[in-house]
Amino acid sequence: MTDMPGSQWYDAEAGPLVRPYAMTGGRTKPGPSNVRFDLIALVVVDAEAPGSAEDSLFGPEHRALLTLCRSETQSVAELAADADLPVGVVRVLLGDLLEAGYVRVSRPVPPAQLPDEKILREVIDGLRAL
């Protein structure tokens, strides 16, 4: 057997080699709703999600993300790291899951909207004084 120029063989530890565009069907945007998945957006499986029979409509990457989300609420960055997938791919796959009603996405409270630490200290001091 002759090696073709430029071909490489991968050992068993490398795992399957699947290009990101194959996982997303060539798409780069997360669905028709153009929802934006920030790295810190929190993803959780929707309690009213369709049954597990519909899970077979998705690929293994979709199912892996659903499994990760079922255990606990995770950010987009955590899902990408835990699933060992590029963030761009995770965003597209999450768009599919969101469109199908399997997951809900929420944004954490921006720091500017959190109460000021000084006010919280004054409230604690006031409670202690009671």
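Residues numbered from 1 in each chain as written. Predicted model: local features only at pLDDT ≥ 70, side-chain atom pairs only at ≥ 80, totals over all residues. Heavy atoms only, no water.

Colleague: Whenever I open this one, the nonpolar core confuses me. Can you help?
Modeller: Generally speaking, nonpolar side chains in soluble globular proteins are found buried as a group. By size, the foremost hydrophobic cluster in this structure holds 20 residues, and its most contacted members are Val-43, Leu-65, Val-76, Leu-79, Val-90, Leu-94 and Leu-97. Among the elements of the structure, strand S1 (42-45), helix H2 (60-71), helix H3 (76-83) and helix H4 (87-99) are those that each provide at least two residues to this core. Filtering out sequence-adjacent residues up to four positions away, Val-90 remains in contact with Leu-65, Val-76, Leu-79, Ala-80 and Leu-85. (Core = buried A, V, L, I, M, F, W, Y, C linked by side-chain atoms within 4.5 Å. Buried < 20%, exposed > 50% of the residue type's maximum accessible area, 1.4 Å probe, protein only. Helix = DSSP H or I, 4+ residues; strand = E, 2+ residues; numbered from the N terminus. Contact = heavy atoms within 4.5 Å.)

Colleague: So what exactly am I meant to see when it comes to the packing of H2 against H4 here?
Modeller: Angle between the axes and distance between the axes are the two parameters that describe a pair of packed helices. Contact pair H2 / H4: the axes reach a minimum separation of 10 Å and the direction vectors enclose 80°. When the axis of H2 is compared with that of H4, the two are roughly perpendicular. Residues Glu-61, His-62, Leu-65 and Leu-66 of H2 form the contact with H4, whose participating residues are Val-90, Leu-93, Leu-94, Asp-96 and Leu-97. Partitioned by chemical class, the residues of the contact of H2 with H4 number six nonpolar, one polar and two charged. (Axes fitted to C-alpha atoms, helices over the stretch in contact; angles between N-to-C directions. Parallel < 35°, antiparallel > 145°, perpendicular 65-115°, else oblique. Nonpolar A, V, L, I, M, F, W, Y, C, P; charged D, E, K, R; others polar.)

Colleague: Where do I start with the packing of H2 against H3 in this structure?
Modeller: The interhelical angle for the contact between H2 and H3, taken along N-to-C directions, is 120°, at an axis separation of 10 Å. When the axes of H2 and H3 are compared, the pair comes out oblique. Two packed elements cross with a definite hand, and for H2 against H3 that hand is right-handed. Residues Leu-65, Leu-68 and Cys-69 of H2 lie in contact with H3, whose contacting residues are Leu-79, Asp-82 and Ala-83. By residue class, the composition of the contact of H2 with H3 is five nonpolar, no polar and one charged. (Left-handed = near helix turned anticlockwise from the far one by under 90°.)

Colleague: Even after reading the chapter, I still don't get the environment of Gly-59, so can you show me in this structure?
Modeller: The residue Gly-59 is located in the loop between S1 and H2 in this model. Each C-alpha atom of the pair Gly-59 and Leu-93 lies 9.4 Å from the other, and the pair is 34 residues apart in sequence.

Colleague: Where do I start with the pattern of salt bridges in this structure?
Modeller: Two side chains of opposite charge can pair, provided their charged atoms sit close to one another. Inspection of the entire model under this criterion finds two salt bridges. Measuring nitrogen to oxygen at the nearest pair gives 3.7 Å for the salt bridge that ties Arg-104 to Asp-46. Pair noted here: Arg-104 is in strand S3 (residues 103-106) and Asp-46 is in the loop between S1 and H2, with a separation of 58 residues, a long-range link. In this structure Arg-104 comes out as partly exposed when scored by relative accessible area, which is 44%. Residue Glu-117 pairs with Arg-121 through a salt bridge whose shortest N-O separation is 3.4 Å. In this pair, Glu-117 and Arg-121 are both assigned in helix H5 (residues 117-129), four residues apart and thus about one turn of the helix distant. (Salt bridge = Lys/Arg side-chain N within 4 Å of Asp/Glu carboxyl O.)

Colleague: Can you walk me through the pairing of S1 in this structure?
Modeller: Looking along a regular strand, one sees side chains alternate from face to face of the sheet. Because side chains alternate across S1, one face comprises the buried residues Val-43 and Val-45, and the other comprises Leu-42 and Val-44, none of which is buried. Inspection of the sheet shows S1 paired to S3 by four bridges, in the antiparallel sense. Directly across from Val-45, in S3, lies its bridge partner Val-103. (Pairing = 2+ DSSP bridges.)

Colleague: What exactly am I supposed to notice about the sheet that holds strand S2 (residues 74-75) here?
Modeller: Adjacent strands of a sheet form backbone hydrogen bonds with each other and so pair up, either parallel or antiparallel. Spatially, S2-S1-S3 is the arrangement adopted by the three strands of the open sheet, whose pairing is antiparallel. Strands at the two margins of the open sheet, each flanked by one partner only, are S2 and S3. Here S1 pairs with S2 via two bridges, running antiparallel. Note that in S2 the partner of Leu-42 across the bridge is Ser-75. Lying over the sheet, H2 contacts S1, S2 and S3, oriented at roughly 95° with respect to S1.

All quantities given are derived from atomic positions and should not be read as evidence of function.
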